[in-house]
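# Structure at a glance
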Amino acid sequence: MNSAGKLSVLVWNEGVHESLNEPEHIGRIYPEGIHGAIADGLREAIPGADISTATLASDEDHGLSEETLAATDVLLWWGHKAHAEVNDRVVERVQRHVLGGMGLIVLHSGHFAKIFTRLLGTSCSLAWRNDGERELVWTVKPSHPIADGVENPIVIPQQEMYGELFDIPDPDDLIFISSFAGGEVFRSGVTFTRGKGRIFYFSPGDQEYPVYHHPQVRRVIANGVSWAAQPEMHRVAPEVSNQPRGWFETHSSPETQDRPESPILPEEVLR
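Everything in this summary refers to the structure shown in the same document. Remember, it's a predicted structure, so these values are computed and weren't measured experimentally.

### A closer look at the overall build of the chain
The helix and strand tally for the chain stands at 9 helices and 9 strands. Radius of gyration (C-alpha) of the chain: 19 Å, near the 18 Å computed for a compact globule of 271 residues. In the chain, buried positions account for 52% of the 271 residues. Taking as baseline every contact in the chain between residues at least 6 positions apart, the subset at least 24 positions apart corresponds to 74%.

This is the structure we're talking about:
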């Protein structure tokens, strides 16, 4: 949460497709970049939130400095062409904040992002085909907050096909399954918990198609942000502790019960 008490959301995108003008029409469908379209959708859906954007080329930290992440409640991640160019030091920093309670929304080809494969511990490989075919996104857990108010199915006229096997661990929640005109199915909306952080992966959104302008896709992403955000959580990553017998009685005494936990150590201390 930022200093003004607003929900703080950061939309991160490589920005490589936009800089290379690949595909040639990307400037027409995403004149402010993919990150700009996602951010616009969040501003409409969550008007009281502080929505900002960053890209790979923002600065030496890719716009993901310690100070920025400490003030971010939810980070959205879109990647495709430049996973290997993301600095490992930045990935470690993001992982530390997710474990401490920052929300993470991973979109489309972000399934191969370093941060996602590191947190999940699997290859996250899948089948794919890009013929611009219809995708139907079916809600299979309508009771989940991320599915609130979402049409069933969401009809996306053109989209890259993702298909099983999707090499991920069993998710905490399977919310959406997609089917494609070619017959494949895909677990397109899943959640995980890592440490104290909530993670939501949602696959629709290839750079070839204007999917992030689709009102129902925007609704899902906004719901995901609201679900993943834990602004009141004191951001402390889980750590090993060796507690003496009787620690609970001491910790619960009037003299110590208001003592704050130690915050996440800045990376300078961890070097």
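### Here's the deal with the packing of aromatic side chains
Using the criterion set out here, one finds 9 aromatic pairs in the structure. Relative to Y201, the ring of F116 lies with its centre 5.5 Å away and its plane at 25°, an arrangement referred to as stacked. Here F116, found in helix α6 (residues 114–120), pairs with Y201, found in strand β9 (residues 197–202); they are 85 residues apart in sequence, far enough to count as distant. F116 gets classed as buried once you look at its relative accessible area, which sits at 0%. Classification of Y201 by relative accessible area gives buried; the value is 0%. Within the aromatic cluster, the residues linked to one another by ring pairs are F116, Y162, F166, F186, F192 and Y201. Over the ring of W227 we find R198, and its NZ or CZ is 5.6 Å from the ring centre.

### Examining the pairing of strand β4 (residues 103–107)
Burial runs high along β4: 5 of the 5 residues are buried. Of the two faces of β4, both are covered, the one formed by G103, I105 and L107 as well as the one formed by L104 and V106. As paired elements, strand β3 (residues 74–78) and β4 share 5 bridges and run parallel to each other. Counterpart to V74 in the pairing with β4 is G103. By the bridge criterion, 4 bridges tie β4 to β9 in an arrangement that is parallel. Its bridge partner being in β9, V106 is matched across the sheet by Y201.

### Some remarks on the sheet that holds β3
The strand order across the open sheet formed by 9 strands is β2-β1-β3-β4-β9-β8-β7-β5-β6, and the pairing between neighbours is mixed. In this open sheet, the two strands that pair with only one neighbour each are β2 (50–55) and β6 (154–163). Between one strand and the next, the sheet's axes are offset by a mean angle of 25°, whatever the strand orientation. One ladder, built from 5 bridges, connects strand β5 (residues 127–139) with strand β7 (residues 173–180); its direction is antiparallel. By the bridge assignment, T139 is partnered in β7 with F176.

### Digging into the packing of helix α3 (residues 33–45) against helix α7 (residues 215–228)
Their axes nearest at 9 Å, the elements α3 and α7 cross at an angle of 70°. Accordingly, the angle class assigned to the pair α3 and α7 is roughly perpendicular. Judged by residue contacts, A37, I38, D40, G41, L42, E44 and A45 of α3 engage R218, I221, A222 and V225 from α7. Each residue belonging to the contact of α3 with α7 can be placed in one class, and the counts come to 7 nonpolar, 1 polar and 3 charged.

### Topic: the pattern of salt bridges
Between side chains of opposite charge, a pair can form when the charged atoms approach closely. As enumerated under the stated definition, the model contains 13 salt bridges in all. One salt bridge in this structure joins D61 and R93, with 3.3 Å as the shortest N-O distance. One end of the pair, D61, is in the loop between β2 and α4 (66–70); the other, R93, is in helix α5 (residues 88–100), with 32 residues separating them in the sequence. The burial state of D61 is the same as that of R93; both residues are buried. For K114, the salt bridge goes to D88, with nearest N and O atoms at 2.7 Å. Pair noted here: K114 is in helix α6 and D88 is in helix α5, with a separation of 26 residues, a long-range link. Among the residues examined, D88 registers a relative accessible area of 40% and is labelled partly exposed. Each of the salt bridges in this network shares a partner with another, and the network as a whole consists of R129, D131, E133 and E184.

### Describing unusual backbone geometry
For the peptide bond that leads from E22 to P23, omega is -5°, which places it in the cis range. Tracing the sequence through the fold places P23 in the loop between α1 (16–20) and α2 (26–29). Note the cis peptide between N152 and P153, where omega equals 0°. With a phi close to 60°, C124 is a non-glycine residue in the positive phi region. Of note, C124 is situated in the loop between α6 and β5.

Analysis parameters
- Counting restarts for each chain: residues are numbered from 1 in the order of the written sequence.
- With pLDDT at 70 or above as the cut-off, local features in this predicted model cover only qualifying residues; side-chain atom pairs require 80 or more to be listed or tallied, and sums for whole chains, interfaces and linings still use all residues.
- With hydrogens and water excluded, all non-hydrogen atoms of the structure serve as input to the side-chain values.
- Helix and strand assignments come from DSSP, with helices taken as H or I runs of at least 4 residues and strands as E runs of at least 2, each series counted from the N terminus.
- The globule rule used for comparison is 2.2 Å times the number of residues to the exponent 0.38, while the radius of gyration itself is calculated over C-alpha atoms.
- In this scheme, a residue with accessible area under 20% of its type's maximum is buried, one over 50% is exposed, and one in between is partly exposed, where area comes from a 1.4 Å probe on protein chains only.
- Contacts between residues were defined by any pair of non-hydrogen atoms, one from each residue, lying within 4.5 Å.
- For Phe, Tyr and Trp, rings pair up if their centres lie within 6.5 Å, where Trp contributes its six-membered ring, and each pair is then called stacked (planes under 30 degrees apart), edge-to-face (over 60) or tilted (otherwise).
- By definition, being over a ring means that NZ of Lys or CZ of Arg is both within 6 Å of the ring centre and within 35 degrees of the ring normal.
- At least two DSSP bridges between two strands are required for those strands to pair.
- As a rule, the C-alpha atoms of each element are fitted with a line to give its axis, helices using only the stretch in contact, and angles between N-to-C directions run from 0 to 180 degrees.
- The labels follow the angle: roughly parallel below 35 degrees, roughly antiparallel above 145, roughly perpendicular from 65 to 115, and oblique for the rest.
- Each residue is assigned to one of three groups, with Ala, Val, Leu, Ile, Met, Phe, Trp, Tyr, Cys and Pro labelled nonpolar, Asp, Glu, Lys and Arg labelled charged, and all others, Gly among them, labelled polar.
- For salt bridges, the criterion is a side-chain nitrogen of Lys or Arg within 4 Å of an Asp or Glu carboxyl oxygen.

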